[in-house]
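# Structural description and commentary
Chain by chain, the residues run as shown.
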Amino acid sequence: MKCVYFDRHLCRSCTLLETPYAEQLRDKQARVAETLATRVADGVWLPARASAETRFRSKAKLAVGGTLQAPTLGITDADGTGVDLRECGIQDEAIWDVVPDLAGFVTCAGLRPYDVTRREGALKFVLVTANTDGELMVRFVLRSEDDVPRLREALPALLERLPQVRAVSANIHPEHKAVVEGDLEIPLTPEQTLRLPVGDVTLHLRHRSFLQTNTDVAGDLYRQAAAWADAVHALNVLDLYCGVGGFALHLAGEHRRVHGVEIEPTAVESARLAASERSTAGDVTFEVGDASVLDVPAEDSADLVVVNPPRRGIGEHLARTLDGSGAHTVIYSSCNPTTLAADLEHLASFDVTAARLFDMFPHTHHAEVAVLLRRRL
Ligand SMILES: C[S@@+](CC[C@H](N)C(=O)[O-])C[C@H]1O[C@@H](n2cnc3c(N)ncnc32)[C@H](O)[C@@H]1O
């Protein structure tokens, strides 16, 4: 992929851009195989699931910089200066299409870009998520509630111009912190949910919920987990760190019960909504809970446990709990092979019988790996 921002050293986020994609994928596969070598034998790796090389990212975190008359939407460089990335080639086409309109909106609405060095201004980020039908969720991260009225006033013109924008909200983030968003979310449209067809199901996304950034590859990750669940004849599944329910809804079936556990309440609401809309039979339930301290009993519990934690992994406590549980199978999907390797050491009663790299993050060293673990007889 050619990128003018990369060539001009304005953005170097896609660190592997100069390496041909086939070579990137080969190297990444070799690296994850090496990281996991003590627990994952060479022969169990399935062929890596490649990604599209461009337009694969369905969510954009656009830092706002520049001036009110000429705002930049992209990143902020080391000096705090805004760098406009409106033609970034990894963004979904639907996001790419609307960035110029969003920049124009910033000016029309009078939302002064936030100056990171001086700690002045109103608008910090514009967060945009796209579904595969080109519909969008847009969130404006503001420093204070004082700017919400001017955003509200200008919004009808934006919605008329961009009818594909389904859900809009203002996130209030008064502090000067590395985290992108604050605690208060103010809805600005009646709809606050984005429908999200992924793989074989339709999910729903609200603010604060995690979304796999590469929808196409995520669909195949969920399908892979469902195929593994079928192969081991799982009847009773626990989906830990379930988010908005991607794994749970793919695995649920007429003869299979699935229960999801997730710490973020809005994600659980969305998962329940998606479950209520399914036409196929199957018992799927979700609860708000902390998976890391869960008690999974040795008997009368799930026969299959799916875990898909954040980068820190599931940790020793949960790994040992699963090791001593009644589960005969674990599917572990990880975005950090290093913590996956550490967690596998505590799942000593299981063998890894299949593994696969899902390349959600082309042009970077990041890797998503799913492994199938079967309890040793
Ligand atoms: C990598 S995401 C996976 C989400 C989901 N499985 C998917 O495919 O979209 C990790 C999820 O774990 C949730 N989470 C983080 N810590 C948690 C905890 N202690 N207990 C339960 N869920 C947690 C996050 O809110 C996030 O939704």
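The model shown is predicted, which means the values in this text are computed figures rather than measured ones. (Residues numbered from 1 in each chain as written. Predicted model: local features only at pLDDT ≥ 70, side-chain atom pairs only at ≥ 80, totals over all residues. Heavy atoms only, no water.)

### Regarding the domain arrangement of the chain
Along its sequence, the chain is carved into domain 1 (4-53 + 214-375) and domain 2 (59-191). Measuring from the centre of the C-alpha atoms in domain 1 to the corresponding centre in domain 2 gives 31 Å. With six residues of domain 1 in contact, the opposing surface of domain 2 contributes nine residues. Approximately 550 Å² of surface area, both sides summed, lies buried where domain 1 meets domain 2, with 74% of it carried by carbon and sulfur atoms. Together, Y5, L10 and C11 form the three largest contributors to the area buried by domain 1 at its contact with domain 2, with a combined 68%. In this assembly, domain 1 and domain 2 are joined by zero salt bridges. (Domains from an automatic or database assignment. Contact = heavy atoms within 4.5 Å. Buried area = accessible area lost by both parts, 1.4 Å probe. Salt bridge = Lys/Arg side-chain N within 4 Å of Asp/Glu carboxyl O.)

### Looking at the UniProt feature "active site" (unreviewed entry) in the chain
As annotated in UniProt, the feature "active site" (unreviewed entry) corresponds to C335 in the numbering used here. Along the chain, the position of C335 falls in the loop between β14 (329-334) and α9 (337-345). Those residues in contact with C335 that lie beyond four places of it in its chain are P309, P310, R311, A367 and E368. (UniProt positions renumbered as here; feature names shortened; annotations may be inferred. Helix = DSSP H or I, 4+ residues; strand = E, 2+ residues; numbered from the N terminus.)

### Some remarks on the site of the ligand
Taken together, 17 residues lie near the ligand, and Y222, E262, D290, A291 and N308 sit nearest. Interatomic distance of 2.6 Å between a side-chain N/O atom of E262 and an oxygen atom of the ligand. When the ligand sits alone it has 590 Å² of accessible area, and the protein chains cover 91% of it. Looking at the shell around the ligand, its residues break down into nine nonpolar, five polar and three charged. (Near = heavy atom within 4 Å. Polar contact = N/O pair within 3.5 Å; in protein donor to acceptor, adjacent residues only side chain to side chain. Areas by Shrake-Rupley, 256 points an atom, 1.4 Å probe, with all protein chains shown as cover. Nonpolar A, V, L, I, M, F, W, Y, C, P; charged D, E, K, R; others polar.)

### Points about helix α7 (residues 265-276)
Relative to the 16 Å expected for twelve residues at 1.5 Å per residue, α7 spans 17 Å between its end C-alpha atoms, a close match to the ideal helical length. Within α7, burial applies to T266, A267, V268, S270, A271, A274 and A275. Residues of α7 that are buried in the fold lie against β9 (201-205), α6 (246-251), β11 (257-262) and β12 (283-288). (Expected span 1.5 Å × (residues − 1). Buried < 20%, exposed > 50% of the residue type's maximum accessible area, 1.4 Å probe, protein only.)

### Notes on the packing of aromatic side chains
A complete count under the given rule lists two aromatic pairs for this structure. Ring geometry for F105 and F140: centres 5.4 Å apart, planes at 45 degrees, overall tilted. Of this pair, F105 sits in helix α3 (residues 93-108) while F140 sits in strand β5 (residues 136-142), and the two are 35 residues apart along the sequence. For F105, a relative accessible area of 4% gives the class buried. Here the aromatic rings of Y222 and F247 are separated by 4.8 Å at their centres, their planes lie at 80 degrees, and the arrangement is edge-to-face. One end of the pair, Y222, is in helix α5 (residues 215-231); the other, F247, is in helix α6, with 25 residues separating them in the sequence. Residue F247 is classed as buried on the basis of its relative accessible area of 4%. One Lys or Arg, R55, reaches over the ring of W96 and ends 4.5 Å from the middle of that ring. (Phe/Tyr/Trp six-rings, centres within 6.5 Å; stacked < 30°, edge-to-face > 60°. Lys NZ or Arg CZ within 6 Å of the ring centre and 35° of its normal.)

### Description of the UniProt feature "binding site: S-adenosyl-L-methionine" (unreviewed entry) in the chain
Under the UniProt annotation, the feature "binding site: S-adenosyl-L-methionine" (unreviewed entry) is placed at Q212, Y241, E262 and N308. The residue Q212 is located in the loop between β9 and α5 in this model. Beyond its immediate chain neighbours, meaning those up to four positions away, Q212 contacts S58, A218, Y222, N308, M360 and E368. By secondary structure assignment, the location of N308 is in the loop between β13 (304-307) and α8 (315-323). Under the relative-accessibility criterion, N308 is labelled buried at 13%.

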